[in-house]
Amino acid sequence: MATSELKSDAVMEQMKQHLATDAGKELTKKIGLVYQINIAPKKIGFDEVVYIVDLKKGQLTKGPCEEGKPDATFSFKDEDFIKVATGKMNPQIAFMRGAMKIKGSLSAAQKFTPDIFPKPSKL
């Protein structure tokens, strides 16, 4: 069971709040796709926590997609997701290194860039 706290949970919470802002609403107009993000604590495919980033409706939910299927699905280890979301690792590099796995539409996947994430706030 995936009960451990992921570092990614904080990023996803920020993303949820970001989607409610004007900048977030611009994203939904610009991208208009649904992404599923699977985040594993240690190894891709094991104990994954699933998030749906709906850039059609401007929502982020925890749990599998309930309406239809996502345009693209990404799988990460927690630490690699943090690197991509904060812009420390390029998504293309992550994919080539095997740090990110993609299922679904590659054209949809190419719109998945660090720009869709809010800039990390200084703590």
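Keep in mind it's a predicted model, so treat the numbers as computed, not measured.

A. Summary view of the UniProt feature "domain: SCP2" (unreviewed entry) in the protein. As annotated by UniProt and renumbered to match this structure, "domain: SCP2" (unreviewed entry) occupies residues 13-113. Summarising residues 13-113: 35% helix, 28% strand, and an end-to-end C-alpha distance of 18 Å.

B. The arrangement of the environment of M15 in detail. Following the sequence through the fold, M15 ends up in helix α1 (residues 8-19). For the pair M15 and A85, spaced 70 residues apart in sequence, the C-alpha separation works out to 9.9 Å.

C. Representation of the pairing of strand β4 (residues 72-77) in the model. The buried count for β4 comes to five of six residues, which makes it a mostly enclosed element. Both strand β1 (residues 34-40) and β4 contribute to a ladder of six bridges, which runs parallel. Within β4, the position partnered with I39 by the bridge is F76. Strand direction decides the pairing type here: β4 and strand β5 (residues 100-104), joined by five bridges, are antiparallel. Residue pairing in the sheet places A72 in a bridge with G104 of β5.

D. Up close: the packing of aromatic side chains. In the structure shown here, the tally under the stated rule is seven aromatic pairs. Measuring from centroid to centroid gives 5.2 Å for F76 and F81, while their planes differ by 70°, and the two rings are edge-to-face. Overall, F81 belongs to the buried group, its relative accessible area being 0%. Between F76 and F112, the ring centres sit 6.3 Å apart and the planes meet at 35°, which makes this aromatic pair tilted.

E. The arrangement of the packing of α1 against helix α3 (residues 78-85) in detail. The interhelical angle for the contact between α1 and α3, taken along N-to-C directions, is 40°, at an axis separation of 9 Å. Here α1 lies oblique to α3, going by the angle between them. Judged by residue contacts, S8, V11 and M12 of α1 engage D78, F81, I82 and A85 from α3. Of the residues contributing to the contact of α1 with α3, the split by class is five nonpolar, one polar and one charged.

F. Molecular detail of helix α2 (residues 22-31). Residues of α2 that are buried: G24, L27, T28 and I31. The arc enclosing the buried residues of α2, seen along the axis, measures out at 95°, which places them on a common side. In α2, the exposed positions angled more than 90 degrees off the buried face are occupied by D22, K29 and K30. Taken from the residues just after α2, G32 is the one with a positive phi, measuring 60°.

Parameters and conventions
Residues numbered from 1 in each chain as written. Predicted model: local features only at pLDDT ≥ 70, side-chain atom pairs only at ≥ 80, totals over all residues. Heavy atoms only, no water. UniProt positions renumbered as here; feature names shortened; annotations may be inferred. Helix = DSSP H or I, 4+ residues; strand = E, 2+ residues; numbered from the N terminus. Buried < 20%, exposed > 50% of the residue type's maximum accessible area, 1.4 Å probe, protein only. Pairing = 2+ DSSP bridges. Phe/Tyr/Trp six-rings, centres within 6.5 Å; stacked < 30°, edge-to-face > 60°. Axes fitted to C-alpha atoms, helices over the stretch in contact; angles between N-to-C directions. Parallel < 35°, antiparallel > 145°, perpendicular 65-115°, else oblique. Contact = heavy atoms within 4.5 Å. Nonpolar A, V, L, I, M, F, W, Y, C, P; charged D, E, K, R; others polar. Arc of directions from axis to C-beta.

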